[in-house]
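Fold and contact review
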Amino acid sequence: MTLLLRATSPDLLPPVDAAVPHQRTAADSTALSTAPAAETTDVAEATPTAANPGDTDSTDTPSIDATPTDAAPAAEAETVAPGPSLAALPAPRVPDSEAAAVTAPSGETSDAGRTDDVIPDEALGEELATTDDTDPANPSAAIAQTVQVQRGDTLITVLVNAGVSHDDAYGAIEALQDLFAPKDLRPGQEIALTFSAPEKQHQGPIDFQLVNLSLQPSVDRDLQVTRALDGGFTAFAIDRPLTHRTVAMRGEIHSSLFEAAQDAGVPVAIISAAIKALSYDVDFQRDIQPGDTFEFVFDRLDDEEGNLAKPGDLLYASITLSGKTYQLYRYEMSDGFVDYFNPKGESVRKALLRTPVDGARITSGYGMRNHPILGYSKMHKGVDFGAPTGTPIFAAGDGVITKIGPFSSYGNYVQIKHNTTYATAYAHISRFAKGLHVGSRVHQGDVIAYVGATGRATGPHLHFEVLVNGSQVNPTSVKLPSGSKLAGAELNKFKAAMNDMISLKEQIEAAQLQTAQGTVQSPDCSAAPNYPACQ
Ligand SMILES: [Zn+2]
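Everything in this summary refers to the structure shown in the same document. All values reported here derive from a predicted model rather than from experimental measurement.

Section: the overall build of the protein chain
Looking only at helices and strands, the protein chain has eight helices and 25 strands in total. Sorting the 535 residues of the protein chain into buried and exposed places 47% on the buried side. Sequence separation of 24 or more characterises 70% of the internal contacts of the protein chain that already satisfy a separation of 6 or more. Per element, the accessible surface of the protein chain, about 24,400 Å² overall, is 51% carbon and sulfur.

In structure tokens:
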């Protein structure tokens, strides 16, 4: 558990990834791209083919871990940064023996959904502030403390570790029972606690009493538990009315799209979703020129003061590069799968990703090379991406897992069959994502495993193969199948939704021109009945 010492703050923002179904957030990619890439290569090519591994390879591989793997993703570090103001506050006493006794992971909260698997365990649970700095000789009248739920925490362990007595913790949880089930606790959630402190100095340990607990099970709901005069606890809910708004924002790019969009006030989650969707067509390293422009339309939920409470979905993104415009529309297909499509109804996604790991760079390409361990020339039948141990590996495309487990010099290995022709393989994995087995269906971008150095590898990296009809091909040059194309009734439905989006966008732009200040306007549902927010 991580303890955050800070003022009890109501402006708690939800996790940004909530806004982007089926998409990884760029918070991930930003964080991971700052991690040092490992100068490593592997030797999986010593096995002739994935389908028929040469098991003549000895398994007594020298394990040379030459790469530091202490690069925790920056996004995690950000979420545990202590607040600036209250670091000097005395924190409640933690009974050492009890704290130690309850820190064992219980697994009760591990049903928090697959997205949790994006975060490697290694990155969690950095303790930035502990309660050891309690100064019992100088307690203040009230002590505010915010704790952040970590994976494996239960409500009772969180409270007790934060210094709440067992009686108070059980009392508070009991008071909450009609409003909040402890199993709904999610990693990353924050719980604000207020303790009373004794008015005068005591001998021996000081009993801090819990006087208030608050948590937000959702962005529009605030739960409060307060100590009643009789010493028991009462709980109540405060619902925050949130206003749904649809926003259009545009701007000119001077250095990077990210910077320009941030300057225009676009929430980071929306920028991330846009970059992710556009990156299939745009090489952000090379294609952007000063003077290029962008426009995004997205939903947001605002609180009563008009402040962003939660970003919604990116509905439309366009970017104009040297006069050429790319447009993408968010569209939910009849089967419920959401994707971004160009005006022709073509999915922006390719059927296969060439780089199934964020922020990694190629450390060894496909082809003949001098073998780093065996010392002679060998064919390298995949591409190596250097990345720290624990970096998430994504399914390169939709498909079914056909192999998962240890596999000769490949170490821990996954193979996904995408269709009758194409398969992809992933080697040297440190561990697999939970719940996957042969026959599991995966979507492109799902986390399937984490980078490691198992099997014959000189350091942590992903060895990635693309197989066409069972034989490895060069992943960087093979012509990949295109993504899905809408047709028939589905295409007609998409065109109707696209036309609604276009008229909605025109309305918003006209209204913004009129008010000549803002960027915010609500949708006119009479003009856009098919628009999701109008249904
Ligand atoms: Zn390799």
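Details of helix α5 (residues 166-176)
Looking only at α5, the buried set comprises Asp168, Ala169, Ala172, Ile173 and Leu176. Looking down the long axis of α5, one finds its buried residues gathered within 130° of arc, a one-sided arrangement. Residues Asp167, Tyr170 and Glu174 are exposed on α5 and point more than 90 degrees away from its buried face.

Some points on the environment of Thr402
Position of Thr402 among the secondary structure elements: in strand β17 (residues 399-406). A relative accessible area of 31% means that Thr402 is categorised as partly exposed. Sequence spacing of Thr402 and Arg441 is 39 residues, and the spatial spacing of their C-alpha atoms is 9.8 Å. Excluding its chain neighbours within four sequence positions, the residues that come into contact with Thr402 are Gln415, Ile416, Lys417 and Val438.

A look at the pattern of salt bridges
Throughout the structure, instances matching the rule amount to 11 salt bridges. A salt bridge links Lys183 to Asp184; the nearest nitrogen and oxygen atoms lie 3.5 Å apart. Here Asp184 falls in the partly exposed class, since its relative accessible area comes to 32%. In this structure, the salt-bridge partner of Asp313 is Arg330, at a minimum N-O distance of 3.4 Å. Taken together, the residues Asp313 in strand β9 (residues 308-321) and Arg330 in strand β10 (residues 324-332) connect sequence positions 17 residues apart. Through salt bridges with shared partners, one network takes in Arg250, Glu295, Lys505 and Glu509.

Section: helix α7 (residues 268-278)
Every α-helix carries 3.6 residues per turn, so stepping three or four residues along brings you back to the same face. Buried residues dominate α7, accounting for nine of its 11 residues. All buried positions along α7 are accounted for by Ala269, Ile270, Ile271, Ser272, Ala273, Ala274, Lys276, Ala277 and Leu278.

Examining the environment of Ser318
Mapping Ser318 onto the fold places it in strand β9. In this structure, the C-alpha to C-alpha distance between Ser318 and Leu328, residues 10 residues apart in sequence, is 6.2 Å. Apart from the residues within four sequence positions on either side, Ser318 is in contact with Thr293, Phe294, Glu295, Phe296, Thr325, Tyr326 and Gln327.

Examining the sheet that holds strand β22 (residues 447-450)
With antiparallel pairing, three strands are arranged side by side in an open sheet as β16-β22-β20. Edge positions in the sheet fall to β16 (392-394) and β20 (431-432), since each of these pairs with one other strand and no more. Alignment of β16 against β22, held across three bridges, turns out to be antiparallel. Considered in β22, the bridge of Ile393 is made with Ala449.

Some details on the pairing of strand β19 (residues 422-429)
Across the eight residues that make up β19, a large majority, eight, are buried. Across five bridges, the pairing between strand β18 (residues 412-417) and β19 is antiparallel. Each residue of the ladder has a partner; that of Val414, found in β19, is Tyr426. Once β18 ends, the chain turns through four residues before running back antiparallel as β19. Pairing between β19 and strand β23 (residues 461-468): six bridges, direction antiparallel.

Rules used throughout
Every chain begins its residue count from 1, and numbering advances along the sequence as written. Given that this is a predicted model, residues contribute local features only at a pLDDT of at least 70 and side-chain atom pairs are listed and counted only at 80 or more, while totals for whole chains, interfaces and linings are drawn from all residues. Side-chain descriptors were evaluated using all non-hydrogen atoms of the structure, hydrogens and water having been removed beforehand. The helix and strand labels rest on DSSP assignments: H or I over at least four residues marks a helix, E over at least two residues marks a strand, and numbering proceeds from the N terminus. In this scheme, a residue with accessible area under 20% of its type's maximum is buried, one over 50% is exposed, and one in between is partly exposed, where area comes from a 1.4 Å probe on protein chains only. Residues count as neighbours in contact if any of their non-hydrogen atoms are within 4.5 Å of one another. Here the Shrake-Rupley method, with its probe set to 1.4 Å, supplies the accessible areas, and only the displayed protein chains count as covering residues. An arc is given here, and it is the one of the directions from the helix axis to the C-beta atoms. One speaks of a salt bridge when a side-chain nitrogen belonging to Lys or Arg is within 4 Å of a carboxyl oxygen belonging to Asp or Glu. Pairing between strands is defined by DSSP: at least two bridges between them are needed.

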